[in-house]
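# Residue-level structure breakdown
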Amino acid sequence: MKHVPHRPFTLAAAALTAAALGLTGCSSEGSGGGGGGEDDGTFTLGFAVGGQPDADWQDLQGDVAQALAEQRGWDFVELSNDNSEATATTNADLFIQEGVDLVMMFNGQPSANPVIAKKYEDAGIPVITFDIAQEGWYFVGVDNAAAGTAGGTALGEVAKAEWDCEVDLVISAEGTSAGQINEWRTGNAREAVAEVCPDIPEDAYVSYEADGNLTTSLQNAPGVFAANPDAENILVVGINDQAVVGALQAATQLGRDDNIMGWGQDGGLITGDNVDPNLAGSVMYFLEGYPAFAFEIADAIAAGDVPEVKDTGDDAAVSVKPCPVSQEEAAEVPSIDERVAALADAEQGTTAYDLFCPAAAG
Amino acid sequence: MTAPVTAADPAPSRPRRRPPRADARSSAGLRDALTIAAVWLLLGTVTALVRPDFLSTQTLLAVTFTMAVAGVLAVSQGLVVISGGLLDLSLPVALILSAWVTVSLLGAGLPTIVAVLAGPLTGAAWGLLNGLIIVYGKLNPIIVTLATGFGGLAIMLVLFKSAQIPSGSELRAFGLGRTLGLPNVFWPMVILIVLTGLAVAYTRWGRRMVAVGGNAVAAKARGLSLPRTRLAVFGGAGAIAGFAGVLFCSVNPSFTPNAGAGFQLIVIAAVILAGISLSGGKGNFLVLLLSVGFLSTIPVSIAFFGLPPAWSLVFQGGLLILAVGIDGYRMRRSAR
């Protein structure tokens, strides 16, 4: 098992490559992970974490992957893409030189992915990508369509229980720049609310641009409430927790928070000390646990049973199950560090959804 | 009328133009105020004709809430512009950095008064940093603040991922409360604009700042220290942006480092629309209150028309271009 920090690894790889070139007269093989590194037959997993500065879960994805690789007795090489196209591209060269058999990665700067894909294709190394699709790479990501439906259904059921579906306004806090993901999460949520409460009139559904963040949502939502002065029972769905909480906060500012409930996406603001009292729930994705889903593919590849490549969000190689949780249930979900530790100790094939989602527990 | 001649004046016998002063009492200020008020009234009338329920306390709450933070930032930007500092493009950093310091201190259990004072102090430090680079580096303020804006954002991304104000804090309670039926955060903005307007128009400090902005050469000839004045303006404007950060965190329970970006357009548009000239030395802060109110009404009206909020950016951007055009026309006209 090797866990190599980026800079030392770069130096070591450079030295190793130079030595290897000197000894072999620049000969190299580029297939199946038999590049510059010594191949003793042990399966080697290369893992590139995203390295975005505002996302601890990306580093924790590496921790989970390392633990799962150790469970299997695989070699493990971890690098950070440092949220940089150039670093992600360099990392591809390093993985190839290291002779990895499979790469898992999250690259927050996907414009470099076509170049990286060509390198791996030439080297014959399969790639599993998280959340950002690339042709020819196994796609692992949350099932956004199912997430939207799950959130909308849960909110609709709360409205049914609390208000007998007498809803005057359904606000959708959008993040249109997310494209299809926004449509899946918010559009499906609206449809699911309508499914549970079919008598809500069509003109009671109002959308506005929240840009996926609380500040923009809080700036734009007051106009929506003012434009619907007679609405009493109000539901809010949105692209993420930030957008939904922005609307809930605007309702508070305008004195409209007596009968309002929201259901978010991503679980970003459903835990902790400052949960908005009107955020009824959220859909958690357990981002740190993506590798557990990805190892389904990795195990097959390691066993020589290479699965068909599915490389789009519509047709993912593995869809991460979204987990709807109420505010009360979310309070019982372990912290992210505890979840990583539990995943690392869990049996092979166990996912974060299996361990922590109340719905999985029945 | 000539300006007072000082002993340090290099050319005491040459008649000189009196440095421009804030035109709070001038016809230009009145004209700007009437124009904005008329357009604002037109917007309200058209919206109310289409949707009579526009004229409601909900609309008033929505507009005044939207005005609060943007209005304070507009005062900060207005001071920079009127003093000849062109524009401060790093205001979003001053805003969020100050908000972060404030909520961090509150989270650490420090008294509210300490945390609230730390906001403006942080903003002042940020403004002074900009001022020092601009004054002693003799660099273009727009380029400097553009660069520090990017750099500051990067530093904040390293410092924190997201920040949250303690839900039980007094500051948070203030942000959720109302006075005289309007959001608490609205009133400090009104008071600040009025006080700043009066100070710029009627105090020696204000007249010096306007003099430096209107004609730096003449102001220097009168013995005014340009570096000291510019540093004071950037420091003071930063402190006001820091105060905006305090108000911001009182109403935003959770925010990220780049949360201030959305204020840039409305703040610059409000300043230019208020007739605060980009060439410096001219402007009226009382008109700024009308300008901020008008621009804050646009997104609310948009919602009543059922249009996506992005349209408000289109209108605000269009108004900014129009206001810059009018400002340029006035400058050319006065130069003839």
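Calculation notes
Once a new chain begins, its residue numbering starts again from 1 and follows that chain's sequence as written. Ligands are numbered from 1 and chains lettered from A, in the order in which they are written. At least 70 in pLDDT is required for a residue's local features to be given in this predicted model, at least 80 for side-chain atom pairs to be given and counted, and no such filter applies to totals for whole chains, interfaces and linings, which use all residues. Secondary structure elements follow DSSP: runs of H or I of four or more residues count as helices, runs of E of two or more count as strands, with numbering from the N terminus. Three exposure classes are used. Buried residues have 20 or more other C-beta atoms within 10 Å of their own C-beta, exposed residues have 12 or fewer, and partly exposed residues fall in between, all C-beta atoms being placed from the backbone. Here, residues touch in the contact sense if the C-beta positions derived from the backbone fall within 7 Å of one another. DSSP-based pairing: two strands are paired if at least 2 bridges between them are found. One number per residue, pLDDT, summarises how confident the predictor is, and it ranges from 0 to 100. Residue polarity is assigned by list, with Asp, Glu, Lys and Arg as charged and Ala, Val, Leu, Ile, Met, Phe, Trp, Tyr, Cys and Pro as nonpolar; anything else, Gly included, falls into the polar class. In this description, a line fitted to the C-alpha atoms serves as the axis of each element, helices being fitted only across the stretch in contact, and the angle between N-to-C directions of two axes falls anywhere from 0 to 180 degrees. In these notes the angle categories are as follows: under 35 degrees is roughly parallel, over 145 is roughly antiparallel, 65 to 115 is roughly perpendicular, and the rest is oblique. The handedness criterion is simple: a crossing whose near helix is rotated anticlockwise from the far helix by less than a right angle is left-handed, and one whose near helix is rotated clockwise is right-handed. What a helix is expected to span follows from its residue count: subtract one and scale by 1.5 Å. Crossovers are described as right-handed under a simple rule: with the strands pointing away from the observer, the path leading from the first strand over the helix to the second runs clockwise. We define a nonpolar core as a collection of buried residues of the types Ala, Val, Leu, Ile, Met, Phe, Trp, Tyr and Cys that are connected via C-beta atoms lying within 7 Å of each other. Arc definition: directions from the helix axis to the C-beta atoms.

### Comments concerning the overall build of chain A
When its secondary structure is counted, chain A shows 12 helices and 12 strands. By residue count, 54% of the 362 residues in chain A fall in the buried class. Here the analysis covers contacts within chain A between residues at least 6 apart in sequence; of these, 75% occur between residues at least 24 apart.

### Section: the pairing of strand β4 (residues 127-130) of chain A
All names here are of chain A. Here β4 shows a buried face lined by V127 and T129 and a second buried face lined by I128 and F130. Pairing of strand β3 (residues 102-105) with β4 involves three bridges; the strand directions are parallel. Within β4, the position partnered with V103 by the bridge is V127. By the bridge criterion, three bridges tie β4 to strand β5 (residues 138-142) in an arrangement that is parallel. Opposite I128, over in β5, you have Y138 as the bridge partner.

### Considerations on the confidence of the model for chain A
Residues and elements named next belong to chain A. Within chain A, residue pLDDT values average 86, and 88% of them lie at 70 or more. No element of chain A has a lower mean pLDDT than helix α1 (residues 6-24), which averages 46, and none a higher one than strand β8 (residues 234-238), which averages 97. A low-confidence stretch, residues 1-6 (pLDDT under 50), is modelled with 14 contacts involving residues beyond four sequence positions or located in other chains. Low pLDDT, under 50, characterises residues 16-36; the predicted model gives this stretch 32 contacts beyond four residues in sequence or across chains.

### Description of the interface of chain B and chain A
The interface is formed by 31 residues belonging to chain B together with 25 residues belonging to chain A. Contributions of two or more residues to the side of chain B that touches chain A are made by α2 (57-82), α5 (141-159), β4 (254-255) and α12 (285-305) of chain B. Take the side of chain B that touches chain A: its biggest share by element is six residues, from α2 of chain B. Partitioned by chemical class, the residues of the side of chain B that touches chain A number 19 nonpolar, 10 polar and two charged.

### Focus: the packing of helix α4 (residues 112-137) of chain B against α5 of chain B
Residues and elements named next belong to chain B. In contact at an axis separation of 10 Å, α4 and α5 are set at 135° when each is read in the N-to-C sense. Between α4 and α5, the angle is such that the two are oblique. Helix-helix and strand crossings are classified by hand; for α4 and α5 the assignment is right-handed. Within the contact between the two elements, α4 uses L129, N130, I133 and I134 and α5 uses P141, V144, T145 and T148. For the contact of α4 with α5, the residue count by class is five nonpolar, three polar and no charged.

### Here's the deal with unusual backbone geometry
All names here are of chain A. A positive phi is found at D82, a non-glycine position, where the angle reads about 50°. Tracing the backbone shows D82 in the loop between β2 (75-80) and α3 (85-98). For D131, which is not glycine, the phi dihedral falls at a positive 70°. Tracing the backbone through its elements, the reader meets D131 in the loop between β4 and β5.

### Section: helix α10 (residues 226-251) of chain B
Between the first and last C-alpha of α10 of chain B there are 38 Å, a value that for 26 residues agrees with the 38 Å anticipated at 1.5 Å per step. Most of α10 of chain B sits out of view: 21 of its 26 residues are buried.

### Regarding the sheet that holds β8 of chain A
All names here are of chain A. Strand order across the open sheet formed by six strands is β7-β6-β8-β9-β10-β12, with mixed pairing between neighbours. Where the open sheet ends on each side, the last strands, each with one partner, are β7 (205-209) and β12 (323-326). Neighbour-to-neighbour, the strand axes of this sheet turn through a mean angle of 20°, independent of strand direction. As defined by bridge partners, strand β6 (residues 169-174) adjoins β8 across five bridges and the pair is classed as parallel. Opposite V170, over in β8, you have L235 as the bridge partner.

### Here's the deal with the pairing of β8 of chain A
All names here are of chain A. Where burial is concerned, most of β8 is hidden: five out of the five residues are buried. Both faces of β8 are covered, namely the face carrying I234, V236 and G238 and the face carrying L235 and V237. Chirality of the crossover, the property in question, places the unit of β8, helix α8 (residues 241-253) and strand β9 (residues 260-265) among those that are right-handed.

### What to know about the nonpolar core
In terms of nonpolar packing, the biggest core is built from 196 residues, with V140 of chain A together with L73, A270 and L288 of chain B touching the most fellow members. The element that contributes the greatest number of residues to this core is α2 of chain B, accounting for 16 residues. Not counting the four nearest positions on each side in its chain, L73 of chain B is found in contact with L91, L95, A241, A244, F263 and V267 of chain B.

### Some remarks on helix α7 (residues 186-202) of chain B
Every α-helical turn comprises 3.6 residues, leaving residues that sit three or four positions apart pointing alike. All names here are of chain B. For α7, with 17 residues, the first-to-last C-alpha span of 25 Å sits near the 24 Å given by 1.5 Å per residue. Among the residues of α7, F186, M189, L192, I193, T196, G197, V200 and A201 are the ones counted as buried. An end-on view of α7 places all buried positions within 145° of arc, on one side of the element. Facing away from the buried surface of α7 by more than 90 degrees, the exposed residues are I191 and L195. As for α7, its buried residues are in contact with α2, β3 (182-183), α8 (204-214) and α12.

### Notes on the sheet that holds β4 of chain A
Through backbone hydrogen bonds, the strands of a sheet pair up, either in parallel or in antiparallel fashion. All names here are of chain A. Reading across from one edge, β2-β1-β3-β4-β5-β11 is the order of the six strands in this open sheet, with parallel pairing throughout. With one partner strand each, in any of the chains shown, β2 and β11 (318-320) form the two edges of the open sheet. In this sheet, adjacent strand axes meet at a mean angle of 15° when their direction is disregarded.

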